[in-house]
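# A closer look at the structure
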Amino acid sequence: QVQLVESGGGLVQPGGSLRLSCKASGFTFSLNGMSWLRQAPGKERELVAAISSGGSYTNYADSVKGRFTISRDNAKNTVYLQMNSLKPEDTAVYYCKTVPQPYWGQGTQVTVSS
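Quick look at the structure, then. (Residues numbered from 1 in each chain as written. Predicted model: local features only at pLDDT ≥ 70, side-chain atom pairs only at ≥ 80, totals over all residues. Heavy atoms only, no water.)

## What to know about the packing of aromatic side chains
Operational definition: Centres within 6.5 Å make a pair out of two Phe, Tyr or Trp rings, where for Trp the six-membered ring is used; the pair is then stacked when the planes are under 30 degrees apart, edge-to-face when over 60, and tilted otherwise. Relative accessible area decides the class of each residue, using a 1.4 Å probe on protein chains only: under 20% of the type maximum gives buried, over 50% gives exposed, and in between gives partly exposed. For a ring to carry a charge above it, either NZ of a lysine or CZ of an arginine must fall within 6 Å of the ring centroid while also lying within 35 degrees of the normal to the ring plane.
What the rule picks out here adds up to two aromatic pairs. Judged by centre distance (6.0 Å) and plane angle (85°), the ring pair of Y95 and W104 falls under edge-to-face. On the accessibility criterion, Y95 (14% relative accessible area) is buried. Positioned over the ring face of Y80 is R19, at 4.0 Å from the centre of the ring.

## Side note on the state of the cysteines
The line we're drawing: In plain terms, two cysteine sulfur atoms within 2.5 Å form what is called a disulfide here. To qualify as a helix, a DSSP run of H or I must reach at least 4 residues; to qualify as a strand, a run of E must reach at least 2; elements of each kind are numbered from the N terminus.
Per the counting criterion, the structure on display carries one disulfide. Paired by a disulfide, C22 and C96 hold their sulfur atoms 1.9 Å apart. What sets the handedness of the C22 and C96 disulfide is the S-S torsion sign, and at about 45° it is right-handed. Linking C22 in strand β3 (residues 18–25) with C96 in strand β9 (residues 92–99), this pair joins segments that are 74 residues apart in sequence.

## What to know about the side chain of T98
Just so we agree on the cut-off: In this analysis, two residues are considered to be in contact whenever any of their non-hydrogen atoms come within 4.5 Å of each other.
Within the fold, T98 resides in strand β9. Those residues within four positions of T98 in sequence are excluded, and the remaining contacts are L4, F27, G33, M34 and Y103.

## A look at the pattern of salt bridges
The cut-off we apply is this: For this document, the term salt bridge refers to a Lys or Arg side-chain nitrogen within 4 Å of an Asp or Glu carboxyl oxygen.
Evaluated as defined, the whole model comprises four salt bridges. R38 is the partner of E46 in a salt bridge, and the nearest nitrogen-oxygen pair spans 2.6 Å. A residue is classified by how much of its surface remains accessible, and E46, at 33% relative accessible area, is partly exposed. Put simply, R67 and D90 hold a salt bridge, and the shortest N to O gap is 2.7 Å. You can see R67 sitting in the loop between β6 (58–60) and β7 (68–73) and its partner D90 sitting in the loop between β8 (78–83) and β9, a full 23 residues away along the chain. Relative accessible area serves as the criterion here: at 11%, R67 is assigned to the buried category. By relative accessible area, which is 1% here, D90 ends up buried. Residues joined in a network through salt bridges with shared partners are R38, E46, R67 and D90.

## A short note on the nonpolar core
Most often, soluble globular proteins keep nonpolar side chains buried together rather than apart. Rule in force here: In this text, buried Ala, Val, Leu, Ile, Met, Phe, Trp, Tyr and Cys residues form a nonpolar core when linked through side-chain atoms within 4.5 Å.
Within the largest apolar cluster, 27 residues are counted, with the highest numbers of intra-cluster contacts made by W36, V79, L81, M83 and Y94. Contributions of two or more residues to this core are made by β3, β4 (33–39), β5 (46–51), β7, β8, β9 and β10 (108–112). It is β3 that provides the largest number of residues to this core, a total of four residues. Not counting chain neighbours up to four residues away, the residues in contact with Y94 comprise E6, L20, W36, L37, R38, V48, F68, L81, M83, G107, T108 and V110.

None of the figures reported here should be taken as evidence of function without further support.
Have a look at this one:
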């Protein structure tokens, strides 16, 4: 069955960096777009970044442009989210998701706080 397992979350100070990973299995990863979404307490889930199946095309939420980078390694069935210059408002549970199929990971908590 389809499995998406996120890792790399944690507690980081403002201005710091984290790299999230999402390991996929159970489907042909290289033929699917992937995305990262996040949900902060009391807020709706929002799209953070997405990447095409081959990695050539990416798009980002305005709030993370220039700070976050989505990438993928199809040989490792893994999609990444490099997060730099983190802000307290980036605090959320981050999920990876297939595009367009509705398969989700379990999420990983990112907390930005001093």
